[in-house]
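# Architecture and fold: a report
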Amino acid sequence: MLGVTFKEIYCQDCKIILARYNIDYFSDDKIDELSKLHYYYHIREGHSIIVRKRNG
């Protein structure tokens, strides 16, 4: 899928990608909302969660 841009939710403490969202279908607000709903465990434990942009 060349040319497709994704935003990844990445845990810097665990060194894993938690999710990858296509920016054509998910807005920044929706990605933020999804990350808070689905990855609350990482956030609650004090992990450093970042959203980074990647080209596919």
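Preceding this section is the structure that the text describes.
Small disclaimer: the values here were computed from a predicted structure and weren't measured. (Residues numbered from 1 in each chain as written. Predicted model: local features only at pLDDT ≥ 70, side-chain atom pairs only at ≥ 80, totals over all residues. Heavy atoms only, no water.)

If you tally the helices and strands in the protein, you get two helices and three strands. Counting from the amino terminus, helix and strand elements in the protein follow one another as β-β-α-α-β. Compactness check: the protein gives a C-alpha radius of gyration of 11 Å against a globular reference of 10 Å for 56 residues, within 12% of the reference. Here the C-alpha coordinates of the protein stretch approximately 35 × 20 × 10 Å along the principal axes. The buried share of the protein, taken over its 56 residues, is 30%. Expressed as a percentage of contacts within the protein between residues at least 6 apart in sequence, the contacts between residues at least 24 apart total 56%. As displayed, the protein has an accessible area near 4100 Å², and 49% of this comes from carbon and sulfur atoms. (Helix = DSSP H or I, 4+ residues; strand = E, 2+ residues; numbered from the N terminus. Rg over C-alpha atoms; globule rule 2.2 N^0.38 Å. Buried < 20%, exposed > 50% of the residue type's maximum accessible area, 1.4 Å probe, protein only. Contact = heavy atoms within 4.5 Å. Areas by Shrake-Rupley, 256 points an atom, 1.4 Å probe, with all protein chains shown as cover.)

Moving on to the state of the cysteines. Summed over all chains, the structure comprises zero disulfides. Residue Cys11 stays outside any disulfide, its sulfur separated by 3.6 Å from that of Cys14, the closest cysteine. Residue classification places Cys14 among the partly exposed residues on the basis of a relative accessible area of 33%. (Disulfide = S-S within 2.5 Å.)

Another aspect to go through is the pairing of strand 1 (residues 5–11). Of all the seven residues making up strand 1, seven are buried; the element is thus mostly covered by neighbouring parts of the structure. Residues Thr5, Lys7, Ile9 and Cys11 point to one face of strand 1 and Phe6, Glu8 and Tyr10 to the other, with burial holding for every one of them. Where strand 1 lies against strand 3 (residues 49–55), seven bridges are found, and the strand directions are antiparallel. Residue Lys7 lies in a different strand from strand 3, and its bridge partner there is Lys53. Here strand 1 runs beside strand 2 (residues 16–22); their pairing, made up of six bridges, is antiparallel. Across the sheet, the residue bridging to Glu8 is Arg20, located in strand 2. The antiparallel pairing of strand 1 with strand 2 creates a hairpin that spans four residues between the two strands, and Lys15 there sits at a positive phi of about 60°. (Pairing = 2+ DSSP bridges.)

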